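Topology and contacts: notes
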Amino acid sequence: MFASTVKPIAGDKPAQYRRLLDQARVLFEGESDSLANAANLAALLYHGLPDLNWAGFYFRRGNDLVLGPFQGLPACVRIPLGRGVCGSAAQSGQVLSVPDVNAYPGHIACDAHSRSEIVIPLERGGEVIGVLDLDSPKLARFDADDETGLAAFAALWLEMSRTEL
Ligand code: SME
């Protein structure tokens with residue numbers, strides 16, 4: 001599968017996620033390299049889901065999150081745990097969906113076009129090792145279907161990706 005074949009998919013949202021998840025399984029097949037799988041997943045989500053302006057990873061480095069593979073505009077490199085949407089989600093270990101980033105105290109603006117954001121913590125062995133972060137130029141872009149769909153991608157990435165980050 002090549003990038004040119006990744007297009008937003010028609011159908012209701014759960015069906016879109018199921019088909020995109022099938023594509024991710026194909027991309028990850030037989031591959032355990034964590035960085036390569038993260039890079040491909042960022043590209044798949046960015047190009048496969050509508051209304052995104054950023055999709056990517058931050059990985060845990062001590063008490064900070066550090067930028068990983070992503071698609072979108074250049075982003076801030078280092079986020080302390082507990083700061084911003086990403087650092088808060090990483091600290092709590094809970095999915096954090098922010099319908100209006102301008103109303104979220106401490107939001108870290110990397111792209112002025114971002115209006116809503118969702119962050120999925122990546123947990124292994126009881127520890128948050130990173131986060132999957134998606135930004136949208138639309139207010140309230142992410143709902144419960146997105147939360148469920150993206151959690152499945154995070155689980156698949158964790159299952160397949162086994163090399164040290
Ligand atoms: N907005 C995030 C920072 C990362 S960017 O969105 C890519 C935050 O508040 O943590």
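Residues numbered from 1 in each chain as written. Predicted model: local features only at pLDDT ≥ 70, side-chain atom pairs only at ≥ 80, totals over all residues. Heavy atoms only, no water.

Concerning the overall build of the chain
When you go through the chain residue by residue, the secondary structure sums to four helices and six strands. Going from the N terminus to the C terminus, the chain shows its helices and strands as α-α-β-β-β-α-β-β-β-α. Principal-axis analysis of the C-alpha atoms gives the chain an extent of 40 × 35 × 25 Å. In the chain, which comprises 165 residues, the proportion classed as buried is 43%. Restricting the contact set of the chain to residue pairs at least 6 apart, pairs at least 24 apart contribute 54%. Accessible area of the chain: about 8000 Å², with a carbon and sulfur share of 52%. Both charge centroids of the chain, one from 14 positive and one from 20 negative side chains, sit 2 Å from each other. (Helix = DSSP H or I, 4+ residues; strand = E, 2+ residues; numbered from the N terminus. Buried < 20%, exposed > 50% of the residue type's maximum accessible area, 1.4 Å probe, protein only. Contact = heavy atoms within 4.5 Å. Areas by Shrake-Rupley, 256 points an atom, 1.4 Å probe, with all protein chains shown as cover. Lys, Arg positive; Asp, Glu negative; His and termini not counted. Charge placed at Lys NZ, Arg CZ, Asp CG, Glu CD.)

Description of the site of the ligand
Looking at the ligand, there are 13 residues lining it, with Val 85, Cys 86, Ile 108, Glu 117 and Asp 135 nearest. Contacts to the ligand include His 107, whose side-chain N or O atom sits 3.3 Å from a nitrogen atom. Contact between the ligand and Ile 108: a nitrogen atom at 2.7 Å from a main-chain N or O atom of the residue. Here the ligand has 300 Å² of accessible area as a free molecule, and 100% of this is covered by the chains. Contributing elements (two or more residues each) for the shell around the ligand: strand S1 (54-61), helix H3 (84-92) and strand S6 (127-136). When residues in the shell around the ligand are grouped by element, the largest group, three residues, is from H3. (Near = heavy atom within 4 Å. Polar contact = N/O pair within 3.5 Å; in protein donor to acceptor, adjacent residues only side chain to side chain.)

Remarks on helix H1 (residues 13-28)
Under the 1.5 Å per step criterion, the end-to-end length of H1 is 22 Å for 16 residues, consistent within 8% with the ideal 22 Å. Of all the residues in H1, the buried ones are Gln 16, Tyr 17, Leu 20, Leu 21, Ala 24 and Phe 28. Across the axial projection of H1, the buried residues extend over an arc of 130°, all falling on one side. H1 presents Arg 18 and Val 26 as exposed residues on the side facing more than 90 degrees away from its buried surface. The N-cap residue of H1 is Asp 12: its side-chain oxygen and the backbone nitrogen of Ala 15 are 3.0 Å apart. Gly 30 sits one or two positions beyond H1 and adopts a positive phi of about 75°. (Expected span 1.5 Å × (residues − 1). Arc of directions from axis to C-beta.)

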